[in-house]
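Letter by letter, the chains look like this.
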Amino acid sequence: MENEAAFVAPEGVYSVTDEHKPNVAQLAAVSAGPSLFPTRVMNIVVKFPASKQGGSQGFANLLGGGKDVKKDKVIKEKEDGVSLSSSDTPDEAEGQQPSSSQEHASSAAHPEANTIFSSSSNAHGKKKNFARPKHNIKTTSSTFITRIQTSEGLTKTLASKQGDVTFLFFNSAKTFSWIEAGSKAREPLIRVTFSQHPTCHDVNLATASSEHLDVIIGFATGDLIWFDPITSRYARLNKGGCISSSPCTSVRWVPASTTLFLVSHADGTIVVYDKEKEDGTFTPQDPSAPAPDASSSSDEGSSQNEWDPLDNIFVTMPPWHPVTSAGAAFNGGKTDKEKVAKNPVSHWRVSRRSVVGKKPLNYLASFLKGILDFVFSPDVKYVAAISEDGCLRVIDALQEQLVDCYSSYFGALSCVAWSPDGRFILTGGQDDLLTIFSPWEQRVIARCQGHSSFVSAVAFDDLRSDGRTYRFGSVGEDNKLILWDFSSGALHRPKLQATHHHRMSMSSSLSLAFRKNQSAHNLPGSSLYELDASPRYHPAPSRTEVSVVQPVLVKQLEGELPSVIQFLSKYMLTSSRTGHIKLWIRPLALRPRSKGSRAQQLTDISDIS
């Protein structure tokens, strides 16, 4: 049964049922272009109405029912066990939450609270009327878009769809393509060719429907494009690099938000954008220079002249930032022009060096160390960012503060995933290891040994992760695809760790940084244990202090180096750096259900702001 297109795992057989290979022209473009822009793939499941319901659905929308129908779609699809993730990372996955999480979530949702999510929650009453991109990509005269190819009869093809349809988006050289998974079509539904290299992209789950999709594409020039492939409309943000001219290395929609997304740029920053806002005039503060006013700050206090990226992040708040805008309302210090919300929403300098990740060779001389990728926690309150300086940083997105900083065993970190229940963060890197971190316990839980070269991508398998045992997969530059099973209860705990350590929920409205720096009697419900103050930076423990996880299965892949692994409801997806995508049909598995699933808790952004 073992061959190039199939392998046997403990749960059954995985076999390739569909492939999407780059054509001759694309291969030529890839070989002639930069080698450090590997293909990235995003997937999304869209529910198309049954034909007999077409008329009534349109009538329901006229009556204002569109909002509830879309919300019900998301909840129903997740309850039915269909993966809706755009990248199958934990920030967009269903997970079990502690019983206290709903109380913490509600306590965090005070109307008077001002966070980077406030602007989105304020628009709660208008969510049913989604804003659309301004320009028609088919008739545009922009030199940034050089060519668009649309499959024949695309409108009719989409109109004939019924039920759940899985779409894939991927970049290759200077092109961006949209295809249907499992369709076996030779040509994509849409292929757009740009004058610059697309480097990353993401699809918004909160607004996805059979009528429109919101896709954000990041480029090597720092430019961003908001693209709707169904209506063929687009808009540009950070045009010409007016906010940041640094290459985009990763982009993520804020889960449950219809407008906000985060982008990591190649200068060591993460920037918060709003798709509906215009680009503003903005200059981020230099951490080594004194701030002229209170609009710039670094969290929890080290002097700005002594900013330490291992201890905090440096936040530059524009005049229209929710926090500064709230303060100005009392002081009357802002002009009418300054009060108009624009982009960026906020600006975080995370690393002193640059954020590299997937860039052409000519960038390597100037960009040496930085953030490669980031993911949201399942409760959407934290961001885990990994970088080439070998650090995993956990950031409180609501408070815009660094919580913890963990060092890799050796070298840079290259990929990251958050477990569906929020308990663990998984990273891969240049030490040929996968490392499992527990943000609750603030330590390394285990390391996974099996790769013989750099790890390129990691992903959790939501359908085979039940809160007791976790399945995840990885691919690396050794051309290996490895499946792993991990159970924290079965691991030998290092002797140096206290056996009575209390596990705390990441869904608490209090940040970990606040909790660990306060005495126990100041914390709600903390009389049963004691918290010791400790620095945010955690050096890597030695090999003798950490448990080792061995692979469940090792599959040697043929051909180009792999750069993507994802787990969908029906398939496991892999892709090479040049865009050779394979869909492996997977053994059936039932998704564990939980009453406290994120699908039910986070149907609205106001729940987390």
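Residues numbered from 1 in each chain as written. Predicted model: local features only at pLDDT ≥ 70, side-chain atom pairs only at ≥ 80, totals over all residues. Heavy atoms only, no water.

Visitor: Can you walk me through the overall build of the protein in this structure?
Guide: In terms of regular secondary structure, the protein is built from 10 helices and 35 strands. Looking at the 609 residues of the protein, the share that counts as buried comes to 58%. Long-range pairs, those at least 24 residues apart, make up 64% of the contacts in the protein between residues at least 6 apart in sequence. Within the structure as shown, the protein displays about 24500 Å² of accessible surface, and the carbon and sulfur contribution to it stands at 52%. (Helix = DSSP H or I, 4+ residues; strand = E, 2+ residues; numbered from the N terminus. Buried < 20%, exposed > 50% of the residue type's maximum accessible area, 1.4 Å probe, protein only. Contact = heavy atoms within 4.5 Å. Areas by Shrake-Rupley, 256 points an atom, 1.4 Å probe, with all protein chains shown as cover.)

Visitor: Can you walk me through the packing of aromatic side chains in this structure?
Guide: Aromatic ring pairs are reported here in terms of the distance separating the ring centres and the angle at which the planes meet. What the rule picks out here adds up to 19 aromatic pairs. With a centroid separation of 6.1 Å and 35 degrees between ring planes, the pair formed by Tyr 470 and Phe 486 is classed as tilted. Taken together, the residues Tyr 470 in strand β28 (residues 470-476) and Phe 486 in strand β29 (residues 480-486) connect sequence positions 16 residues apart. Across the pair, Phe 486 and Tyr 470 agree in class, each one buried. One aromatic cluster is present, formed by Phe 424, Phe 460, Tyr 470, Phe 472, Trp 484 and Phe 486 through successive ring pairs. (Phe/Tyr/Trp six-rings, centres within 6.5 Å; stacked < 30°, edge-to-face > 60°.)

Visitor: In this structure, what is going on with the side chain of His 212? I would like to understand it.
Guide: Take His 212: it is sitting in the loop between β9 (198-203) and β10 (215-219). At a separation of 3.1 Å, a polar atom in the side chain of His 212 contacts the main-chain carbonyl oxygen of Thr 207. (Polar contact = N/O pair within 3.5 Å; in protein donor to acceptor, adjacent residues only side chain to side chain.)

Visitor: I would appreciate a short explanation of the pattern of salt bridges in the present structure.
Guide: Under the criterion given, the structure shown has 18 salt bridges. The shortest N-O distance in the salt bridge between Lys 47 and Asp 164 comes to 2.9 Å. Taken together, the residues Lys 47 in strand β3 (residues 41-48) and Asp 164 in strand β6 (residues 163-172) connect sequence positions 117 residues apart. The class of Asp 164 is partly exposed, set by a relative accessible area of 38%. A cluster of three or more residues bridged by salt bridges with shared partners is formed by Glu 11, Arg 464, Arg 471 and Asp 485. (Salt bridge = Lys/Arg side-chain N within 4 Å of Asp/Glu carboxyl O.)

Visitor: What is the right way to read the state of the cysteines from this model?
Guide: Two cysteines form a disulfide when their sulfur atoms are joined by a covalent bond. Inspection of every chain in the model, using the stated rule, returns 0 disulfides. For the unlinked cysteine Cys 248, the closest cysteine sulfur is that of Cys 200, found at 5.2 Å. Cys 248 gets classed as buried once you look at its relative accessible area, which sits at 0%. (Disulfide = S-S within 2.5 Å.)

Visitor: Just to check I follow, could you spell out the nonpolar core for this structure?
Guide: The nonpolar side chains of a soluble globular protein tend to be buried, and buried together. If you look at the biggest cluster of nonpolar residues, it comprises 29 residues, and the most contacted ones within it are Ile 44, Phe 167, Phe 169, Trp 178, Phe 194, Leu 213 and Phe 227. If you list the elements that add at least two residues to this core, you get β3, α6 (154-159), β6, β7 (175-180), β8 (190-194), β10 and β11 (224-228). Top contributing element to this core by residue count: β3, with 4 residues. Those residues in contact with Phe 167, other than ones at most four positions away along the chain, are Met 42, Asn 43, Ile 44, Val 46, Phe 48, Leu 158, Trp 178, Ile 179, Glu 180 and Leu 189. Listed in part, the 24 residues of the second largest apolar core include Leu 260, Ile 313, Trp 348 and Ile 395. (Core = buried A, V, L, I, M, F, W, Y, C linked by side-chain atoms within 4.5 Å.)

Visitor: How do you make sense of the environment of Gly 429 when you look at a structure like this?
Guide: Within the secondary structure, Gly 429 sits in strand β24 (residues 425-429). Residue class for Gly 429 comes out buried when judged on its relative accessible area of 0%. Residues Gly 429 and Ala 412, spaced 17 residues apart in sequence, show a C-alpha to C-alpha distance of 5.7 Å.

Visitor: Could you clarify how one ought to interpret the sheet that holds β28 in this entry?
Guide: By way of backbone hydrogen bonds, the strands of a sheet pair with one another, either parallel or antiparallel. Taking strand neighbours across the sheet as the criterion, the 4 strands line up as β27-β28-β29-β32 in an open arrangement whose pairing is antiparallel. Edge positions in the sheet fall to β27 (455-460) and β32 (553-556), since each has one partner strand and no second. Averaged over all pairs of adjacent strands, the angle between strand axes in this sheet comes to 15 degrees, irrespective of strand direction. Across 4 bridges, β29 lies against β32 in antiparallel orientation. Considered in β32, the bridge of Leu 483 is made with Leu 553. (Pairing = 2+ DSSP bridges. Axes fitted to C-alpha atoms, helices over the stretch in contact; angles between N-to-C directions.)

Visitor: What am I meant to see in the confidence of the model for the protein here?
Guide: Segments scoring low in pLDDT should not have their predicted coordinates read at a detailed level. When pLDDT is averaged along the protein, the result is 77; 67% of the residues meet or exceed 70. The lowest-confidence element of the protein is helix α4 (residues 101-107), averaging 36 in pLDDT; the highest-confidence one is β11, averaging 98. Predicted confidence for residues 53-112 stays below pLDDT 50, and this span has 132 contacts to residues more than four positions away or in other chains. Below pLDDT 50 for its whole length, residues 513-533 participates in 37 contacts with residues either more than four positions away or in separate chains. (pLDDT = per-residue confidence, 0-100.)

Visitor: Got a minute to help me understand the pairing of β6 in this structure?
Guide: Each regular strand carries side chains that alternate between the two faces of the sheet. For β6, a buried count of 8 out of 10 residues is recorded, marking the element as mostly surrounded by other parts of the structure. In this structure, β3 lies alongside β6, joined through 8 bridges in antiparallel fashion. Note on β6: the bridge partner recorded for Val 45 is Thr 166. The sheet contact formed by β6 and β7 spans 6 bridges and is antiparallel. Its bridge partner being in β7, Phe 169 is matched across the sheet by Trp 178. Here β6 folds back onto β7, and the loop between the two strands holds 2 residues, one of which, Ala 173, carries a positive phi near 55 degrees.

Visitor: Would you mind going over the pairing of β8 with me for this structure?
Guide: Counting buried residues in β8 gives 5 out of 5 residues, a clear majority hidden from the surface. The side-chain alternation of β8 yields two buried faces, one formed by Ile 190, Val 192 and Phe 194 and the other by Arg 191 and Thr 193. Both strand β5 (residues 145-150) and β8 contribute to a ladder of 5 bridges, which runs antiparallel. Across the sheet, Thr 150 pairs through a bridge with Ile 190, a residue of β8. As paired strands, β7 and β8 are joined by 4 bridges and run antiparallel to one another. Directly across from Thr 175, in β8, lies its bridge partner Thr 193.

Visitor: Whenever I open this one, the sheet that holds strand β23 (residues 413-418) confuses me. Can you help?
Guide: As summarised here, the arrangement of the 5 strands in space is β23-β24-β25-β26-β31, forming an open sheet in which the pairing is mixed. If you trace the sheet from one side to the other, it starts and ends with β23 and β31 (547-549), each paired once. Between one strand axis and the next, the sheet turns by 25 degrees as a mean value, whatever way the strands run.

Visitor: Help me understand the environment of Asp 223 in this model?
Guide: Within the secondary structure layout, Asp 223 lies in the loop between β10 and β11. Residues Asp 223 and Gln 196 lie 27 residues apart in sequence; the distance between their C-alpha atoms is 9.1 Å. In this structure, Asp 223 is in contact with Phe 144, Ile 217, Gly 218, Arg 236, Leu 237, Asn 238, Lys 239, Gly 240, Gly 241 and Cys 248, ignoring residues within four places of it in sequence. Within the structure, Asp 223 has its side chain in polar contact with the backbone nitrogen of Gly 240 (distance 2.7 Å).

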